[in-house]
Amino acid sequence: MKRGVFISLEGGEGAGKSTNATWLADYLRSQGKTVLVTREPGGTEVAEAIREVLLSPGLPGMNADTELLLMFAARNEHLQSKILPALGQGTWVICDRFTDATYAYQGYGRGISLARIAELEHWVQGNLRPDYVILFDLDVATGMARAQARGRADRFEQEHVAFFERIRVGYQERAQQSPQRYPIINAAQSLEQVRQQLQAVAERIVAEAVT
Ligand SMILES: Nc1ncnc2c1ncn2[C@@H]1O[C@H](COP(=O)(O)OP(=O)(O)O)[C@@H](O)[C@H]1O
Ligand SMILES: [Mg+2]
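The structure presented is a predicted model; accordingly, all values stated were derived computationally and were not measured.

1. With respect to the site of ligand 1
In the vicinity of ligand 1 there are 14 residues, among which Gly14, Gly16, Lys17, Thr19 and Arg150 approach most closely. Measuring from an oxygen atom of ligand 1, one finds a backbone N or O atom of Ala15 at 3.2 Å. Lys17 has a polar side-chain atom sitting 2.7 Å from an oxygen atom of ligand 1. For ligand 1, whose free accessible area comes to 560 Å², the fraction covered by protein is 74%. Counting residues per element, the ones that place at least two in the shell around ligand 1 are α1 (17-30), α6 (140-150) and α8 (191-210). In terms of residues, the shell around ligand 1 owes the most to one element, α1, which gives three residues. Class assignment of the residues belonging to the shell around ligand 1 gives a composition of three nonpolar, seven polar and four charged.

Here it is, written out as structure tokens:
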């Protein structure tokens, strides 16, 4: 059986990843695909428990390497028990954040060396990478305003503007290195316009999966 296509959704806080994950899944299902929507950190019972530790605003700040290791611990669990089995069955997987978020947040944001992140990436994932990383790109001020309107801030959302500016640059740099694999959505547009952009991206992905 043909392996499923692995798509991650990336971007800063409030960019519209979660809002559009379900919409993208519905579109792909309308094209005959079996689709699993999941998220990181989390996606399984154990990994969601690690997510609680990572995001809880009630805990004191943790060492940056501890945060990095917890991210990859959660990712390993998620990959082994959910993502890899699904892809193996031919299911398409849409993941709301994946390893690009670790490069952006723990690398560009916290200042951990990108080489160290790459070592963990190789350890946990081997050669597995998302087939496509859809980047929802949005100016930091708009993203923060949207995230604030959504409710109580998690531990990352409590960070400052400079942190999120570094994250945006990180995502943009990674996207520029492989533009075919990193379609960029202008997330500042209205939800309807964002969905038009997303549909065009999804049509290309579906077409490429046939060949
Ligand atoms: N294009 C858009 N225009 C206006 N508001 C949006 C748009 N996309 C999402 N939102 C709203 O912004 C908030 C954050 O969206 P969300 O999908 O949770 O972002 P993310 O998952 O990327 O952090 C939600 O309240 C959502 O309804
Ligand atoms: Mg979200």
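What follows picks up the thread again.
2. Looking at the sheet that holds strand β2 (residues 35-39)
If you walk across this open sheet you meet the five strands as β2-β3-β1-β4-β5, and the pairing is parallel. At either end of the open sheet lies a strand with only one pairing partner, and these are β2 and β5 (184-186). Sheet twist, expressed as the mean angle between neighbouring strand axes with direction ignored, is 20°. Along the sheet face, helix α7 (residues 161-177) touches β1 (6-11), β4 (132-137) and β5 and points at about 140° away from the line of β4.

3. Some remarks on the nonpolar core
Ranked by size, the top nonpolar core spans 25 residues in total, and within it Ile7, Leu24, Leu28, Trp92, Ile134 and Phe136 carry the most contacts. Looking at this core, the elements that each hand over two or more residues are β1, α1, β3 (92-96), β4 and α8. In terms of residue count, α8 provides more of this core than any other element does, seven residues in total. Excluding its chain neighbours within four sequence positions, the residues that come into contact with Trp92 are Gly4, Val5, Ile7, Leu28, Lys33, Thr34, Val35, Leu36, Ile205, Val206 and Ala209. Membership of the second largest hydrophobic core comes to 20 residues, among which are Leu55, Ala74, Ala101 and Phe156.

4. As for the UniProt feature "domain: Thymidylate kinase-like" (unreviewed entry) in the protein
Under the local residue numbering, the UniProt record ascribes the feature "domain: Thymidylate kinase-like" (unreviewed entry) to residues 9-197. The distance separating the terminal C-alpha atoms of residues 9-197 is 14 Å; by composition the span is 57% helix and 12% strand.

5. A word on helix α4 (residues 99-109)
Within α4, eleven of the eleven residues are buried, leaving the element largely enclosed by the surrounding structure. Turning to α4, its buried residues number three or more, namely Thr99, Asp100, Ala101, Thr102, Tyr103, Ala104, Tyr105, Gln106, Gly107, Tyr108 and Gly109. Taken together, the buried residues of α4 touch β1, α3 (64-88), α5 (114-125), β4 and α7. Looking at the residues trailing α4, positive phi occurs at Gly111, about 90°.

6. Points about the UniProt feature "binding site: ATP" (unreviewed entry) in the protein
Here, UniProt's "binding site: ATP" (unreviewed entry) annotation points to Gly11, Gly12, Glu13, Gly14, Ala15, Gly16, Lys17 and Ser18. With respect to the helices and strands, the residue Gly16 is situated in the loop between β1 and α1. Residue Gly16 is classed as buried on the basis of its relative accessible area of 15%. Among the secondary structure elements, Lys17 is positioned in helix α1. Here Lys17 falls in the buried class, since its relative accessible area comes to 7%. Residues in contact with Lys17, not counting those within four places in the same chain, are Leu9, Glu10, Gly11, Gly12, Asp96, Arg97 and Phe136.

7. Thoughts on the pairing of β3
Along β3, five of the five residues are buried, which leaves the element largely enclosed by surrounding structure. Burial along β3 is two-sided: the face carrying Trp92, Ile94 and Asp96 and the face carrying Val93 and Cys95 are both buried. The pairing of β1 with β3 spans four bridges and is parallel. If you follow Ser8 over to β3, its bridge partner there is Cys95. Where β2 and β3 come together, five bridges link them in parallel fashion. When the sheet's bridge partners are listed, Arg39 is paired in β3 with Asp96.

Quick notes on the rules
- Residues numbered from 1 in each chain as written.
- Chains lettered and ligands numbered in written order.
- Predicted model: local features only at pLDDT ≥ 70, side-chain atom pairs only at ≥ 80, totals over all residues.
- Heavy atoms only, no water.
- Near = heavy atom within 4 Å.
- Polar contact = N/O pair within 3.5 Å; in protein donor to acceptor, adjacent residues only side chain to side chain.
- Areas by Shrake-Rupley, 256 points an atom, 1.4 Å probe, with all protein chains shown as cover.
- Helix = DSSP H or I, 4+ residues; strand = E, 2+ residues; numbered from the N terminus.
- Nonpolar A, V, L, I, M, F, W, Y, C, P; charged D, E, K, R; others polar.
- Pairing = 2+ DSSP bridges.
- Axes fitted to C-alpha atoms, helices over the stretch in contact; angles between N-to-C directions.
- Contact = heavy atoms within 4.5 Å.
- Core = buried A, V, L, I, M, F, W, Y, C linked by side-chain atoms within 4.5 Å.
- Buried < 20%, exposed > 50% of the residue type's maximum accessible area, 1.4 Å probe, protein only.
- UniProt positions renumbered as here; feature names shortened; annotations may be inferred.

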